[in-house]
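# Structural description and commentary
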Amino acid sequence: PSSLTQRLRFLDTHADVGMVFTDMQRIADDGTCNVHLASHDFLQKFAPAVLRSDASGVVFGPRYVECAIEFGPCIVTCTVMVRRATLDRVGGFVTDLRAGEDTDLWLRIVEHGPIGFIDEPLSIYHQDRSILTADTETFYRDHIRYFEGFARRPLGPELASKLEKRVALYHF
């Protein structure tokens, strides 16, 4: 089945999930390839956030936010499918960020309910140095703005500490 078919099937069989994402094959400018999340031990790092898993994939709960702050958000936009009702409930992209607006949306979605993950590279991402994330000044500035905005939410001391460390990574 196609990538879209698999994502639709996941949403159809997991009615409580507002969004699903997949792994992807990343192809660099020099032609090297890797499976993005699998090559970064994603499932091991995010294991504390798993609510349940089955043959079709994994469902993450609110602890995904804590893992995303500690290890990085990991969700790449080209792999995502979101229910319209979920977008209506949480709002869309924050339009004053040029970078990090997707991260903001994915984490707001998981704060409102479970998200799903299909552990297969169902998307291909051709990394091009001319894209926005290659503009490191904008990338880091907007991610710092995003994380500082996130810090204004009520956080426990452990999560606040992890967030401070994540912001420091973007500062240096």
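Right above here is the structure, for reference.
Attention here is on the structure that accompanies the text. The numbers attached to residues start from 1 for each chain and follow its sequence in the written order. This being a predicted model, a pLDDT of at least 70 is required before a residue's local features are given, and a value of 80 or more before pairs of side-chain atoms are given or counted; all residues contribute to the totals for chains, interfaces and linings. Only hydrogens and water are set aside when side-chain values are computed; all heavy atoms of the structure are taken into account.

### Here we look at the overall build of the chain
Labels follow the DSSP assignment, with helices taken as runs of H or I lasting at least four residues and strands as runs of E lasting at least two, numbered in each case from the N terminus. Looking only at helices and strands, the chain features seven helices and six strands. Put simply, the chain has 172 residues, and 43% of those count as buried. Considering only intrachain contacts with a sequence separation of at least 6, the fraction spanning at least 24 residues in the chain is 69%. For the chain, the exposed surface amounts to about 9200 Å²; the carbon and sulfur share of it is 55%. Buried means the residue's accessible area, taken with a 1.4 Å probe over protein chains only, is under 20% of the maximum for its type, while exposed means over 50%, and partly exposed covers the values in between. It only takes one pair of heavy atoms within 4.5 Å for two residues to be counted as in contact. All accessible areas in this document rest on Shrake-Rupley with a 1.4 Å probe, and a residue is counted as covered only by the protein chains that are shown.

### Digging into the environment of Tyr125
Looking at where Tyr125 falls in the secondary structure, it is placed in strand β6 (residues 115–126). Between the C-alpha atoms of Tyr125 and Arg26, which are 99 residues apart in sequence, the distance is 4.8 Å.

### A word on helix α1 (residues 3–13)
All buried positions along α1 are accounted for by Ser3, Gln6, Arg7, Phe10 and Leu11. In an axial view of α1, the angular spread of the buried residues amounts to 135 degrees, which keeps them on one side of the axis. Facing away from the buried side of α1, by more than 90 degrees, are the exposed residues Leu4, Asp12 and Thr13. Looking at the packing, one finds that the buried side of α1 touches β1 (19–27), β4 (57–60), β5 (81–82) and β6. Comment: arc refers to directions from the helix axis out to C-beta atoms.

### Structural notes on helix α3 (residues 63–71)
Of all the residues in α3, the buried ones are Tyr64, Val65, Glu66, Cys67, Ala68 and Ile69. After α3 finishes, the residue Gly72 shows a positive phi value of roughly 100 degrees.

### Concerning the environment of Leu107
Tracing the sequence through the fold places Leu107 in helix α5 (residues 101–112). Residue classification places Leu107 among the buried residues on the basis of a relative accessible area of 2%. Sequence-wise, Leu107 and Pro62 are 45 residues apart; in three dimensions their C-alpha atoms are separated by 8.9 Å.

### Re the nonpolar core
The set of buried Ala, Val, Leu, Ile, Met, Phe, Trp, Tyr and Cys residues whose side-chain atoms join them within 4.5 Å is what this entry labels a nonpolar core. If you look at the biggest cluster of nonpolar residues, it comprises 23 residues, and the most contacted ones within it are Met19, Phe21, Phe42, Phe60, Tyr64, Ile75 and Ile115. At the level of elements, β1, β4, α3, α5 and β6 are the ones that each hand at least two residues to this core. Other than its neighbours up to four places away in sequence, Tyr64 contacts Phe21, Phe42, Phe46, Ala49, Pro73, Cys74, Ile75, Leu107, Val110 and Ile115. Grouped together as the second largest cluster of nonpolar side chains are eight residues, Phe10, Val17, Val59 and Ile118 included.

### Looking at the side chain of His14
Mapped onto the elements of the fold, His14 is located in the loop between α1 and β1. Apart from the residues within four sequence positions on either side, His14 is in contact with Arg52, Asp54, Ser56, Val59 and Arg83.

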